[in-house]
Amino acid sequence: MRGPSLLATMLIVALSALPVRAVVSVSIFGPGSQQFPIAIVPPKGDAALGQEFARVLSRDLELSGYFRVLDPRTFTEDPQTAGVTADAIDFAGWAAIGAQQLVKGTIESGAGTVTLEVRLFDVAERRDVADSGRRLQGSRADVPRMAHRYADQLLAVLTGERGPFDSKIALTSTRGGRLKDVYVYTFDMATPARLTNEHSITIAPAWRPDQRGVLFASYREHLPRLFEVDVASRAVVQFSNDSKTYLGGVWSPDGTQVLATREDDGNSDIELLDRWGNVTKRLTDHWAIDVSPAWAPDGQRFVFCSSRSGSPQIYTMAIGGSEPVRVSRIGTFNTSPAWSPKGDLIAWATRTGNTFQIVVAGADGSHPRTITGAGSNDDPSWAPDGRYLVFSSSRGGGRTLWLADRDGRTQKQLTPDGGDDTSPAWSSRSE
Amino acid sequence: MLALCALVALGGACKKKGPSPNENVGEQGIGEENLGGGSGSLDRARQGLAPGEGGPLQDVHFDYDSDDLDETARGVLDQNLQWLRDNPRVRAELEGHCDSRGTIEYNVALGARRAKAVKDYLTGQGLAGERLSTISYGKELPLCQEETEECWARNRRVHSVVGGQ
């Protein structure tokens, strides 16, 4: 067994109870608006693993914008001795320090297996919340992913939409040296981890839908070509044909085709490749720049950047072939589009003065709104839930990755200062 | 087993290697770096050097988001053309570069157009096309990093690397 399905052996069981319904409705509660005060108590049992679970879960919930995670130093009880069931929890004590919600449970490790049981309690109701109880089983190394899974479940319970945190972000970064390599970031990491060792320039990383590989363009053999790195083994294989120059490629949602930017004699166009890297169709054939294709989730259309009107603008087109339809109507420089996995929205970067900002609009370009303002921000990539975006931002100095919700109400720094983190690509949810 | 390895690998501790054409020596292994030959801007970066600027062939500069050759650029290229005629065994690689504004992939495409515009001008004046090759580095190998008009203008260029004598 190989591949990125790290939780292949992890068991997830919904714990039954007689719980209260979720007290929160999406209408009064959105990321960045009203934030819910929540206490996350390290599960009782293996103290180190319990702390790790609480740390990762806290960060995810903080990033979501829906929660204000209470400082554990204000907790008045010892998590190793206090009760973890509704009849044994001191709800009045938790209310006194301002907690409206409470995560509690147990974590046991033995014989290489970790068993976690957690629930969300409503402090005012003095009961657990419907569908919030989970038993998770896996290895010690799975604990961060158990936390991501649980964070995603809590967002499902509280907002009706599963969270995006059990997933990965591929990016290019110079954190390892002078030149850009492909990196991967998960929400439990302090800094991104390096996947490639190209001693060259790498650009445009993109996930294979099964998350086993990341496609990217590399200058390792002079002119840029497409390569794919195997995430588990870190082996790199050439993907595109020797004689052609490519600036990037993206796998179709079903993993059978690749949309690629081909550069030929100074001109760039969009091509469709099969899974072995052979050209099956030239989708655009124009003297202007055509770059940065991104798939619609139905796999039938794509969005790309073209300068055919005289300035870089965003267009959509059918894979089967059609006239490109321009969707960006404002701004003189619009680039790096991304189609929401829900299909309804497209994000891109637009130039305002000497900076770029992230725009989110309907898939037809309607109702565009700028969701960033600080620094320069580009290369947006959608979360698998279609609710959040990751992008590269210059706010705070060098380039780092930031997360925002699609309305821009919550903006959170993901990777620490000191990197040159660019071209993030958010994976689908891990299996 | 390999699935577990993948998770550990993210922390840099998993040393299992696949059949990579590029022997991937990890942080804790023997560091081996191709210091390369060549004097192109990427070769120089691999050696820890700044990108090349000028040389026997002068750099040609461009307006923002443009691959047009203005009068100044054509004047520079006429001098470069004379040098190439005087040194008939020299080949040149034309490197397209861009300023930091705009996205990475777009700028690689723009740099390719700049290099192509220079190549077309030189061949249009009668220079043999096989003496010229092109490559674009977009905004990946800048001469300077400041977000100022002066630095942007310096980075919007085609740099010519001579070789193959």
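Since the structure is predicted, the reported quantities are computational estimates derived from the model, not experimental observations.

Visitor: How would you summarise the overall build of chain B if you had to cite specific residues and measurements?
Guide: A count of helices and strands for chain B gives five helices and four strands. Listed by position from the N terminus, the elements making up chain B come as α-α-β-α-β-α-β-α-β. The buried share of chain B, reckoned over its 165 residues, is 50%. Taking all contacts inside chain B whose residues are at least 6 apart in sequence as the whole, residues at least 24 apart take part in 70%. Entry remark: accessible area of chain B is about 7,700 Å², with carbon and sulfur atoms responsible for 48%.

Visitor: For the packing of aromatic side chains, give the residues involved together with the corresponding values.
Guide: Scanning the model with the defined rule gives 15 aromatic pairs over all chains in all. Taking 5.5 Å as the distance between ring centres and 40° as the angle between the ring planes, the aromatic pair formed by Phe187(A) and Trp426(A) counts as tilted. With Phe187(A) in the loop between β10 (181-185) and β11 (193-194) and Trp426(A) in strand β32 (residues 422-426), this residue pair connects regions lying 239 residues apart in the sequence. Note on accessibility: Phe187(A) and Trp426(A) belong to one class, buried. Aromatic side chains Phe333(A) and Tyr64(B) sit 5.9 Å apart centroid to centroid with 25° between the ring planes, which places their arrangement in the stacked category.

Visitor: Account for the sheet that holds strand β31 (residues 411-413) of chain A, naming residues and giving values.
Guide: Residue and element names in this part refer to chain A. Taken in spatial order, the four strands of this open sheet run β28-β29-β30-β31, and their pairing is antiparallel. At either margin of the open sheet sits one strand with a lone partner, and together these are β28 (377-382) and β31. Each strand axis lies, on average, 30° off the axis of its neighbour in the sheet, ignoring direction. In the sheet, strand β29 (residues 388-393) pairs with strand β30 (residues 400-405) via six bridges, with the strands oriented antiparallel. Directly across from Ser-392, in β30, lies its bridge partner Leu-401.

Visitor: An account of the state of the cysteines is requested, with residue identities and associated values reported.
Guide: Scanning the entire structure with this criterion turns up one disulfide over all chains. Here Cys144(B) pairs with Cys151(B) through a disulfide, and the sulfurs are 2.2 Å apart. Disulfide Cys144(B) to Cys151(B): torsion about the S-S bond roughly 115°, handedness right-handed. Note on accessibility: Cys144(B) and Cys151(B) belong to one class, buried. There is no disulfide at Cys305(A), and the cysteine sulfur nearest it, in Cys98(B), is 13 Å away. A residue is classified by how much of its surface remains accessible, and Cys305(A), at 0% relative accessible area, is buried. Classification of Cys98(B) by relative accessible area gives buried; the value is 2%.

Visitor: For the pattern of salt bridges, give the residues involved together with the corresponding values.
Guide: Evaluation of the coordinates by the stated rule reveals 35 salt bridges over all chains. Arg73(A) is paired through a salt bridge with Asp71(A); the nearest N and O atoms lie 2.8 Å apart. Judged by its relative accessible area of 30%, Asp71(A) is partly exposed. Put simply, Arg101(B) and Asp99(B) hold a salt bridge, and the shortest N to O gap is 2.8 Å. Asp99(B) matches Arg101(B) in its accessibility class, with the two residues each being buried. What emerges from the salt-bridge pattern is a single network uniting Arg145(A), Arg149(A) and Asp166(A).

Reading the values: the criteria
- Residue positions are given per chain, counted from 1 along the sequence in the order it is written.
- Chains and ligands are labelled sequentially in the order written, the chains with letters from A and the ligands with numbers from 1.
- Only residues with pLDDT of 70 or above have their local features reported here, since the model is predicted, and side-chain atom pairs are shown and tallied only from 80 upward, although totals for entire chains, interfaces and linings are computed over all residues.
- Only heavy atoms go into the side-chain values, all of them from the structure, while hydrogens and water stay out.
- Where helices and strands are cited, they refer to DSSP runs of H or I of at least four residues and of E of at least two residues respectively, numbered from the N terminus.
- Buried, partly exposed and exposed residues are distinguished by accessible area as a fraction of the type maximum, computed with a 1.4 Å probe on protein chains only: under 20%, between the cut-offs, and over 50%, respectively.
- Note on contacts: a residue pair qualifies if any of its non-hydrogen atoms lie within 4.5 Å across the two residues.
- For the accessible areas, the method is Shrake-Rupley and the probe is 1.4 Å, while residue cover comes only from the protein chains on display.
- Each Phe, Tyr or Trp ring (for Trp, its six-membered ring) is paired with any other whose centre lies within 6.5 Å, and the angle between the two planes then decides the class: stacked below 30 degrees, edge-to-face above 60, tilted in between.
- Note: two strands are recorded as paired if DSSP finds a minimum of 2 bridges between them.
- A fitted line through C-alpha atoms serves as each axis, taken over the contacting stretch for helices, and the angle formed by two N-to-C directions is quoted from 0 to 180°.
- Two cysteine sulfur atoms make up a disulfide if the distance between them is within 2.5 Å.
- Salt bridge, as applied in this entry: a Lys or Arg side-chain nitrogen positioned within 4 Å of an Asp or Glu carboxyl oxygen.

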